[in-house]
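Tertiary structure, described
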There are 2 protein chains.
Amino acid sequence: MATTGSEAVLPIREGEKKPSSEQQIDPWDVQAGHDENGNALAFDYAAISQKWATKLIDDALLERFERLTGHKPHRWLRRGLFFSHRDFDRILDRYEAGEPFFLYTGRGPSSDALHLGHTIPFSFTKWLQDVFDVPLVIMLTDDEKALFKEKLTFEDTHKFALQNAKDIIACGFDLKKTFIYSDLEYISGHFLMNVWEFSKLVTFNQVRGAFGFNESTNIGRIMFPAVQCVAAFATSYPEIWADEPAKERTKALAKIPCLIPMAIDQDPYFRLVRDNAHRMKNPSPKPALIHSKFLTALQGAGGKMSASDPNSAIFMADTPNQVKASPRCPIHQNKINKHAFSGGRETLEEHRELGGIPEIDVAFQYLSYFEDDDEKLKKIEDGYRSGELLTGELKKMAIELIQGYVKDFQARRKEVTDDLLKQYMTPRKLEWKGNPNPKPKESKKEKAAQA
Amino acid sequence: MATTGSEAVLPIREGEKKPSSEQQIDPWDVQAGHDENGNALAFDYAAISQKWATKLIDDALLERFERLTGHKPHRWLRRGLFFSHRDFDRILDRYEAGEPFFLYTGRGPSSDALHLGHTIPFSFTKWLQDVFDVPLVIMLTDDEKALFKEKLTFEDTHKFALQNAKDIIACGFDLKKTFIYSDLEYISGHFLMNVWEFSKLVTFNQVRGAFGFNESTNIGRIMFPAVQCVAAFATSYPEIWADEPAKERTKALAKIPCLIPMAIDQDPYFRLVRDNAHRMKNPSPKPALIHSKFLTALQGAGGKMSASDPNSAIFMADTPNQVKASPRCPIHQNKINKHAFSGGRETLEEHRELGGIPEIDVAFQYLSYFEDDDEKLKKIEDGYRSGELLTGELKKMAIELIQGYVKDFQARRKEVTDDLLKQYMTPRKLEWKGNPNPKPKESKKEKAAQA
């Protein structure tokens, strides 16, 4: 979906033609392309899905989900924010059969506070955890962020990781079922053994292809994909499954797959693990993935919210007034880039006559992501399209919804003490209904086989 | 020093000329070159030292060592088995000034038992530990060996590491001053943070150049040099220095240098750390190195003892008869490759008339490495050169010395229980006279600076 109107987001001088460019997506850089006039384009998610051979989430899959779980799909599934998957259907098979799986997601701590966009995958993952009643591991890649950001030290990113963990906890995760870890703190033992074993399966050529590395890339960056990949193996966390055999990497444990909710730019990591999981000494199944779009619509086309650009995001620590009035609020950026971000018309008369265009309206996009009531949203859409509702009214509704979302978050965030943080970050046996707790017999056999 | 005589070690067919080749030395492959007739050449250690810009250990250095420590230099220093160094003089400066340093050495556990050659650096390091009274860390690179040997799993090499550690302990190290660790077990926390920090300083191009990697090299191998390098930093082992601040990487700790006794083929690793140590957040001094030759002379020219070739080595578990009679004993290989391995003459008459050549005689090389008495050795040398002593007599003396060395080892080895192994391998505060135990004040300041 291209932006419209005479004010281009990336303006070019008259007569000067820029060659059009394609969108560029990898785990560290996300750029929508621009057309020959230099106008930023929206991401073409169908094209990404086709190019990377993922499956689009369709009605049949969502119907099956609802039938099996008894839960209406989350509005972010219903409205296509989580739009694509790999093997999510196989996770549903396991759920149906009562077989174990776990959830894994993560965050690269590049700053000390989460913005609204960061919380989306976590809020969604919390919902998945409630629906499936399965254990969840959350990886904070403080190692990665210091490797990839020249100016950040490992001390910086580790400090960010602990701060971010508090924000993540405030997304509502169940302590009993959730283990949050900083790579720099937690990785050792079986996790590290998995890292080395995986690293033996992957060549420089392969990571160069997958991540765009070159000969001047530092060796830490070259190695890091192995770390993020093996986080998808149940054997990397022997502690969470059982007190005994907490010290073992067993074949039984290796067979428990995970489901990873994540933004689509992280997909290259998990293609690598999906290609190689069966080659491990204790072969693992391919992890299943659910991909989200970026919160593009919340910012205007062609970028994603960035914590390092303070003007591009609503932070979760913002006051209601900051959410409403700050230039950081993309909704308010409508005022500046009217044609880029609003679906409204130039004048009230025009708007009443022609109606608004919800598809390109930032406020409407916010409403679609934060208003859970389908009927109410439909009424708003129809009202806007008919010209009955004005852009300002949509903005007001959207701001109120976000203020509510942020307020709820902040209430939970207040309760997150250092002690509670420590509890979430302590490697320990998690508790959930279907804990498969591999039988001691099996673990002894495995032990003998490994000796 | 070339082999002599009509039987070439690497025979070639008549009329077939092989191009001569240069010696090849890197941490995983050691090959002496061969001449244009296909004869294996001895390693040219002076050339290695010159090429890599190390300093040869000379009499002045050894005299200073003796003056400062009150100890006669070890026979392996006096007789040039440890022949080269980097900054050993600066370690002596520190010793003279009463400033702390530590010893670091290691082993790649590629098999479950040590051979004679493996024990040389450890016996030498034990002697250094006694002389200097400093802490020692011994790294078992079970991670490396599995990465570089296609057929070994990480479970295999970890098992070897624990077995090898028992043999290493039997070299006589002082428990109070020695910490032995398996990479796969120990690495985490500050060690791993150092690994990542170091890996950020080094590019693929740099390790490609230093270690001969290419684009098909697995990413674990590419990363591994960072692991071996940061083992030379005192901050990788906060536990050994003090109970408090055991959890800190401090600037003060980082300034404690190490001395690394090792075979010269490992030098590329430490050139890398010497080039980059000052670039760490807590800058470290360049580690000092003492290089040994390979035990070439103990096997014949052009190779080093190899645990993976059972016929090339005397194992430390061998019985006295095995030492004497086994085809594994290089001394006995004289019988097979007379001209390659013996300095004796074809007939008794010839030998009495011309005398033997100690420089190319394997038995004499053994004597020079295991007979501590300089006068006694001189007499043997003179007697052999004059033709008075026969090759068989030298063999007998050498075998007795080795039997004694192996017997002493085995007596100590019997005492190494699983419990004792565990004590050596437990991260803990070590005890030695000059423990600098950074003062709490400093550590708090560091803590504040890091926060």
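The structure presented is a predicted model; accordingly, all values stated were derived computationally and were not measured.

1. Remarks on the pairing of strand 8 (residues 258-263) of chain A
All names here are of chain A.
- Strand 8 sits mainly inside the fold: five of its six residues count as buried.
- Bridging between strand 5 (residues 102-107) and strand 8 involves two bridges; their strand directions are parallel. Its bridge partner being in strand 8, Leu103 is matched across the sheet by Leu259.
- As paired strands, strand 8 and strand 9 (residues 288-292) are joined by five bridges and run parallel to one another.

2. Some points on a negative patch on the surface
All names here are of chain A.
- Taken together, the side chains of Asp58, Asp59, Glu63 and Glu66 present a region of like negative charge at the surface.
- Relative to the helices and strands, Glu66 resides in helix 2 (residues 59-69).
- Owing to a relative accessible area of 36%, Glu66 belongs among the partly exposed residues under this scheme.

3. Some remarks on the confidence of the model for chain A
All names here are of chain A.
- The share of residues in chain A with pLDDT of 70 or more is 79%, and the mean pLDDT across the chain is 84.
- For residues 1-19, every residue scores under 50 in pLDDT, and the model assigns this stretch 33 contacts once sequence neighbours within four places are set aside.
- Throughout residues 334-340 the model reports pLDDT below 50, and contacts reaching past four residues in sequence, or to other chains, amount to 14 contacts.

4. Let's talk about the pattern of salt bridges
- Scanning the entire structure with this criterion turns up 50 salt bridges over all chains.
- The salt bridge partner of Glu99 of chain B is Arg94 of chain B, with a shortest N-O separation of 3.8 Å.
- Here Glu99 of chain B falls in the partly exposed class, since its relative accessible area comes to 38%.
- Residue class for Arg94 of chain B comes out buried when judged on its relative accessible area of 18%.
- Through salt bridges with shared partners, a single ionic network connects Lys72, Arg75, Arg78, Arg79, Asp372 and Asp374 of chain A.

5. Focus: the state of the cysteines
Residues and elements named next belong to chain B.
- In total, this model carries zero disulfides over all chains according to the counting rule given.
- With no disulfide of its own, Cys229 lies 11 Å from the sulfur of Cys258, the closest cysteine sulfur.
- The exposure class assigned to Cys229 is buried, which follows from its relative accessible area of 0%.

6. A short note on the relation of the copies chain A and chain B
- With an RMSD of 0.0 Å, the operation that places chain A on chain B is a rotation of 180° combined with a shift of 0.0 Å along the axis. The superposition operator between the copies reduces to a two-fold rotation axis. Within chain A, Ser188 of chain A has its C-alpha nearest the rotation axis, a separation of 2.4 Å.
- Taken as a fraction of all interface residues of chain A, those also at the interface in chain B reach 95%, which identifies the copy contact as same-surface.

7. Some points on helix 9 (residues 189-199) of chain A
- Of all eleven residues that make up helix 9 of chain A, ten are buried, and the element is covered over most of its length.
- Every buried residue belonging to helix 9 of chain A is among His190, Phe191, Leu192, Met193, Asn194, Val195, Trp196, Glu197, Phe198 and Ser199 of chain A, and all of these are buried.

8. Re the sheet that holds strand 6 (residues 136-140) of chain B
Residue and element names in this part refer to chain B.
- Read from one edge to the other, the open sheet built from seven strands follows the order 3-4-9-8-5-6-7, with strand pairing classed as mixed. Two strands lie at the open edges of the sheet, namely strand 3 (55-56) and strand 7 (178-182), each paired on one side alone.
- Bridge count between strand 6 and strand 7: five bridges; the pairing is parallel. Along strand 7, the bridge assignment pairs Leu136 with Thr178.
- Sheet contacts for helix 14 (residues 267-276): strand 4 (82-86), strand 5 (102-107), strand 8 (258-263) and strand 9 (288-292); angle to strand 9, the most-contacted strand, approximately 170°.

Rules of the game
Residues numbered from 1 in each chain as written. Chains lettered and ligands numbered in written order. Predicted model: local features only at pLDDT ≥ 70, side-chain atom pairs only at ≥ 80, totals over all residues. Heavy atoms only, no water. Buried < 20%, exposed > 50% of the residue type's maximum accessible area, 1.4 Å probe, protein only. Helix = DSSP H or I, 4+ residues; strand = E, 2+ residues; numbered from the N terminus. Pairing = 2+ DSSP bridges. Patch = residues over 30% accessible without salt bridge, like charges linked within 9 Å, V, L, I, M, F, W, Y side chains within 5 Å. Areas by Shrake-Rupley, 256 points an atom, 1.4 Å probe, with all protein chains shown as cover. Salt bridge = Lys/Arg side-chain N within 4 Å of Asp/Glu carboxyl O. Lys, Arg positive; Asp, Glu negative; His and termini not counted. Charge placed at Lys NZ, Arg CZ, Asp CG, Glu CD. pLDDT = per-residue confidence, 0-100. Contact = heavy atoms within 4.5 Å. Disulfide = S-S within 2.5 Å. Least-squares fit on C-alpha atoms with pLDDT ≥ 70 in both. Axes fitted to C-alpha atoms, helices over the stretch in contact; angles between N-to-C directions.

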